[in-house]
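Geometric and topological summary
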Amino acid sequence: MQFYTLLLLSACVIISGCLYSSKKSNKTESVITTQALFPDGLIKEFKLSDYLGKKVILYFYPKNGTPGCTKQARIFRDNFKDLQAHGIVVIGVSYDSLESHKKFQTTHKLPFILVTDKDKKLTKLYNSSGIFFASRKTVLLDEKGKVIKRFESVDIANQINDIFKAFKIDRKQGSKP
């Protein structure tokens, strides 16, 4: 009998801990702040909660200026007007410094936000953290901030089409009902 009481008590502790941590992660998401370089060249405080009410592409990438990261950023840049026309906000996240972001943004004429995540809070929250670099992953958020799609393995060449498909948007017709 004592064994079952102990087992039941352990299960309650585990369940309450899981409930607490899931509540905590939702709360953490809304209060994470960091610095970002905005398209106007200004460095400002960044809070993901400021983008509630909008569709968001959070794309995590390893390093400014590397071939794969440059290719991915340019694809977002080249499709930015189309994404923007469908109410989609593009946000790039890496561990790079604001100075590195500024050079990357200027060199490639990037019209979207670049977030510096030195403390790895945002990358950890979205399971995109690595030891030295952020892992290349893309997370799509709906207007309520809910994850609707996570691309664990990013196909850079087809990513824009995959994103529109995940948001259920026909690029030629607009949003589907």
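Given the structure is predicted, the values throughout are model-derived calculations rather than measurements.

On to helix H2 (residues 67–78), then. In an α-helix there are 3.6 residues to a turn, and that puts residues three or four apart on one side. Taking 1.5 Å of rise per residue, 12 residues should cover 16 Å, and H2 covers 16 Å from first to last C-alpha, within 8% of that figure. Three or more residues of H2 are buried, namely Cys69, Thr70, Gln72, Ala73, Ile75 and Phe76.

Under the defined criterion, the tally for this structure stands at 7 salt bridges. Residue Lys55 pairs with Glu143 through a salt bridge whose shortest N-O separation is 3.6 Å. Of this pair, Lys55 sits in strand E3 (residues 55–60) while Glu143 sits in the loop between strand E6 (137–141) and strand E7 (147–151), and the two are 88 residues apart along the sequence. Classification of Glu143 as partly exposed rests on a relative accessible area of 35%. As a salt-bridge pair, Glu152 and Arg150 come within 3.6 Å of each other at their nearest N and O atoms. Three or more residues joined by partner-sharing salt bridges are found here, namely Lys137, Arg150 and Glu152.

Attention now moves to the pairing of strand E5 (residues 113–116). Side-chain alternation along E5 places Ile113 and Val115 on one buried face and Leu114 and Thr116 on a second face that is also buried. In terms of strand pairing, strand E1 (residues 33–37) meets E5 through 2 bridges, oriented antiparallel. Opposite Ala36, over in E5, you have Val115 as the bridge partner. Pairing between strand E4 (residues 88–94) and E5: 4 bridges, direction parallel. Along E5, the bridge assignment pairs Ser94 with Thr116. Handedness of the crossover is the feature at issue here: the chain leaves E4, passes through helix H4 (residues 98–108), returns alongside E5, and the resulting connection is right-handed.

This part covers the packing of aromatic side chains. Any aromatic ring pair is given by two values, namely how distant the centres are and how the planes are angled relative to each other. Scanning the entire structure with this criterion turns up 8 aromatic pairs. Measuring from centroid to centroid gives 5.3 Å for Tyr59 and Tyr61, while their planes differ by 25°, and the two rings are stacked. Across the pair, Tyr61 and Tyr59 agree in class, each one buried. Positioned over the ring face of Phe38 is Lys44, at 4.8 Å from the centre of the ring. One Lys or Arg, Lys149, reaches over the ring of Phe151 and ends 5.4 Å from the middle of that ring.

Parameters and conventions
Residues numbered from 1 in each chain as written. Predicted model: local features only at pLDDT ≥ 70, side-chain atom pairs only at ≥ 80, totals over all residues. Heavy atoms only, no water. Helix = DSSP H or I, 4+ residues; strand = E, 2+ residues; numbered from the N terminus. Expected span 1.5 Å × (residues − 1). Buried < 20%, exposed > 50% of the residue type's maximum accessible area, 1.4 Å probe, protein only. Salt bridge = Lys/Arg side-chain N within 4 Å of Asp/Glu carboxyl O. Pairing = 2+ DSSP bridges. Right-handed = clockwise from strand over helix to strand, strands pointing away. Phe/Tyr/Trp six-rings, centres within 6.5 Å; stacked < 30°, edge-to-face > 60°. Lys NZ or Arg CZ within 6 Å of the ring centre and 35° of its normal.

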